[in-house]
Amino acid sequence: MTDELLIVRCQLGEHDALTELVRCWHEPVRTYVRGMLGVQRADDVTQEVWLAVIRGLPRLREPGRFAPWLFTIARRAVTDRLRQEYGVAEAGAHQEPVIEDAADVMVERAVLIAALSRLPVREREVLVLFYLEDLSLEDCAEICAVPAGTVKSRLNRARRLLRDHLTEKGSKR
Amino acid sequence: MNDEPNLSAEELIGRLSPVLSPWRRLRGVAALVGGLAGAVCAGSLWATEPAALPGRTRLAFAVFTLVCLAWAGYGAWLVTRRTPLLALDRVIAGWFALAASIATTVVIVVAAVQRGAGLAPALATGAVVTAVSAVLVVRAHVRRAALLRRKRELTGRGAPPADPLDGTDPPRGR
């Protein structure tokens, strides 16, 4: 079933479609929120995102463009949370919590998540959207409300910063 | 620290039940429509009383009207801020509002005729609320019909099944 059909069924009010929508998109939303805010706050913010998504469904005019719309809402929820916690969205970017105990998880994954959480918010955001959520440059640009060229430059910078963090981590081992 | 998802999709669906359940979504509509209808009826009966009422009766009317308005306010808050109204919800809500409008109009017009006062305001009020409800019903059906059309296009079905809520016959094939 296409996303558009699923969204149309949700807008019609079909309960099965609504639960299917949550099942299909829960993990991508959670991955994005976790990548942006860390594991500790992922559940609360993911729930906030879903409440806003379902409340906003009747106003979604282009069901075929669900993914960018969904991540725009998720981005707003993440930004609100960051603003609440740090006053301004980027102020605490370098203070993001890192994985403290990597013993329970795969080491590589923990290192990657830790490195991701140390990136500035804007760079982390495009990295998560482009690589983890597999969205196109155009969709990332729409979600972040910036031109596609800006997304490209942020991606370049994000890759460079991530590489630096991982290299630094590797050299310390 | 465990990196695996703590909140599963099923848990999330459970937490979202107030917005996922159609009956829960319609609670706000019931509170809004019932509250407004009660307030209009009580206010109309109070206003058309032929003789001066005792203090306790006036107080009772005022309290009942305020309680109805409070329910209407709560319902409006639920509908506008808390729960979405999807296409089928809007159709049900529209018909519910229309039925309540007609019933309220009948009550206030009968009361006005029996008391021989306030017929024109009662008719005007009834006409306005009924017209507003009728517009909401039509808009809800139009929106739902558009979504059903789109669903049929996407599923690639030809002749759609008859939909009792549409009030229209499906197009006939050759």
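Preceding this section is the structure that the text describes.
This one's a predicted model, so the numbers in the text were calculated from it and none came from an experiment.

A. Representation of the overall build of chain A. When you go through chain A residue by residue, the secondary structure sums to eight helices and zero strands. Taken over 173 residues, chain A has a buried fraction of 54%. By element, 50% of the accessible surface of chain A is carried by carbon and sulfur atoms, the whole surface being about 8200 Å².

B. Inspection of the environment of V8(A) at higher detail. Relative to the helices and strands, V8(A) resides in helix 1 (residues 3-12). Looking at V8(A), the relative accessible area reads 0%, which means it is buried. For the pair formed by V8(A) and P58(A), sequence separation is 50 residues and the distance between their alpha carbons is 9.7 Å. Once you skip the residues sitting within four places of it in the chain, V8(A) turns out to touch P63(A), L147(B), R150(B), K151(B) and L154(B).

C. Representation of the packing of aromatic side chains within the structure. Scanning the entire structure with this criterion turns up eight aromatic pairs over all chains. Among the aromatic residues, those joined into a cluster by ring pairs are W25(A), Y32(A), F66(A), W69(A) and F71(A).

D. Looking closely at helix 7 (residues 119-155) of chain B. An ideal rise of 1.5 Å per residue puts 54 Å on 37 residues; helix 7 of chain B measures up with 53 Å between its terminal C-alpha atoms. Where helix 7 of chain B is buried, its residues touch helix 1 of chain A together with helix 6 (87-115) of chain B. Backbone geometry just after helix 7 of chain B places G156(B) at a positive phi near 70 degrees.

E. Expanded view of the packing of helix 3 (residues 39-56) of chain A against helix 4 (residues 66-86) of chain A. Residue and element names in this part refer to chain A. Running from N to C, helix 3 and helix 4 point in directions that differ by 130 degrees, and their axes come no closer than 9 Å. Accordingly, the angle class assigned to the pair helix 3 and helix 4 is oblique. Judged by the sense of rotation from one axis to the other, the crossing of helix 3 with helix 4 is right-handed. Within the contact between the two elements, helix 3 uses R41, D44, V45, E48, V49, A52, V53 and G56 and helix 4 uses F66, W69, L70, I73, A74, A77, V78, R81, E85 and Y86. Classifying every residue of the contact of helix 3 with helix 4 by side-chain character gives twelve nonpolar, one polar and five charged.

How each quantity is defined
- Residues numbered from 1 in each chain as written.
- Chains lettered and ligands numbered in written order.
- Predicted model: local features only at pLDDT ≥ 70, side-chain atom pairs only at ≥ 80, totals over all residues.
- Heavy atoms only, no water.
- Helix = DSSP H or I, 4+ residues; strand = E, 2+ residues; numbered from the N terminus.
- Buried < 20%, exposed > 50% of the residue type's maximum accessible area, 1.4 Å probe, protein only.
- Areas by Shrake-Rupley, 256 points an atom, 1.4 Å probe, with all protein chains shown as cover.
- Contact = heavy atoms within 4.5 Å.
- Phe/Tyr/Trp six-rings, centres within 6.5 Å; stacked < 30°, edge-to-face > 60°.
- Expected span 1.5 Å × (residues − 1).
- Axes fitted to C-alpha atoms, helices over the stretch in contact; angles between N-to-C directions.
- Parallel < 35°, antiparallel > 145°, perpendicular 65-115°, else oblique.
- Left-handed = near helix turned anticlockwise from the far one by under 90°.
- Nonpolar A, V, L, I, M, F, W, Y, C, P; charged D, E, K, R; others polar.

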